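In case you want the letters, here they are:
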Amino acid sequence: ALEAQLRLDPKVVDLANKIDVKNQLGLLEYGKEPATEISNFSSKILNSIKSNSVEESSILIQQLNKIMDKFDRNDFAEKPGFLTKIFGKGGNYIEKLFQKYNTMGSEIDKIYVEITKYESQMKNSTSMLEQMYHQNFQFYNELQKYIIAGKMKAEQLKAEQLPELEKKAASGDQIAAMELSGLRNGIELIESRCYDLELAKQVSFQTAPQIRMLQKGNTNLIAKINSAFVTTIPIFKAGVINAISAKRQKLVADSMSELDKRTNEMLLKNAQTISTQSVEIARLSGQPSIKIETIEETWSIIMKGVQDTKTIEVENQRLREEGIKRLESLKENIDQLRLGVH
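Notes on the structure follow.

### Remarks on the overall build of the chain
Counting its regular elements, the chain contains 11 helices and zero strands. Overall, the chain shows an N-to-C arrangement of helices and strands of α-α-α-α-α-α-α-α-α-α-α. Across the 342 residues of the chain, 40% fall into the buried class. When contacts within the chain are restricted to residue pairs at least 6 apart in sequence, those whose partners lie at least 24 apart make up 91%. Accessible area of the chain: about 19,300 Å², with a carbon and sulfur share of 55%.

This is the structure:
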């Protein structure tokens, strides 16, 4: 049905009419334009694949993994004998905790910026591959038109000129015999070029799933980066900050309570009331909206994301290497066809 439609296409008819069976050089170069476009297009895809730096993203993930390894849930849990250390080491402990996680937060911020840049690059790469996919489809259709036009010309020559020249040559007409030889040679060249272009069309056809394969790898990586890092890292950071703030408030409240107990028995009741109120106020106004369980959960998501991303990147690297080998082979076939190698 598609071939029947193409035979009526004005461009296909025009291509067929422009074929000069007596111009052998022209016949050898028939369909050169779309074949050259396919070759250039294959080079563009290869460059696109090779420009995706999986190594850089792997380094980012390794760095993030080292940073996240510094997280210790025990830092946010009350340790045995904590109240007995309030006056001696409590304040220093909290300051060290702040310093540790402030440093960790700064390091995460740097990685976060680079990860979001990489995610943006991957999205651009996927969009470009989508454009390439449609370009490849256009080249495929263009080759199809040249092939149908060549077939139409060969059929026309066989139906309209070949029988008459064969009849004249059979009757002893030497000029007709020479023209017949040239016509047969021309028809053979047209059919040979149609065969070459059919192979080029198959190269274009096989390129399409290669592009989709690369897109799928990119999409999987983008989804993992977004869910495990872009969305989760800010939540993790906010949870850590809130947890440390809550711990500081708890330390102040407990310190006040301990100090009040040591003052004297007469003021104990009032001190306890103040302490209770302080703790309640701290709980209401300063209690983190994100609990330690949530911090642990987001940490687990990030760490799982690190491992999953490594797995996806290894698979993407394998697919890219396979794609490069396959496309290089396809490009070599196209280059041979473009040079007229049969």
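Back to the text.
### What to know about the environment of cysteine 194
Looking at the element boundaries, cysteine 194 is found in helix α8 (residues 174-230). Here cysteine 194 falls in the buried class, since its relative accessible area comes to 8%. When the C-alpha positions of cysteine 194 and glycine 150 are compared, they lie 6.2 Å apart, and in sequence the two are 44 residues distant. In contact with cysteine 194, not counting residues within four places along its chain, are Ile147, Gly150 and Lys151.

### Section: the nonpolar core
The biggest cluster of nonpolar side chains holds 38 residues, and the ones touching the most others in it are Leu183 and Ile190. Those elements that place two or more of their residues in this core are α2 (10-18), α4 (32-51), α6 (86-160), α7 (162-170), α8 and α11 (292-338). When neighbours within four sequence positions are excluded, leucine 183 is seen to be in contact with Val21, Leu157, Gln161, Leu162 and Leu165. In terms of nonpolar packing, the next biggest core, distinct from the first, is built from 34 residues, Ile94, Leu97, Leu221 and Phe229 among them.

About the cut-offs
Residues numbered from 1 in each chain as written. Predicted model: local features only at pLDDT ≥ 70, side-chain atom pairs only at ≥ 80, totals over all residues. Heavy atoms only, no water. Helix = DSSP H or I, 4+ residues; strand = E, 2+ residues; numbered from the N terminus. Buried < 20%, exposed > 50% of the residue type's maximum accessible area, 1.4 Å probe, protein only. Contact = heavy atoms within 4.5 Å. Areas by Shrake-Rupley, 256 points an atom, 1.4 Å probe, with all protein chains shown as cover. Core = buried A, V, L, I, M, F, W, Y, C linked by side-chain atoms within 4.5 Å.

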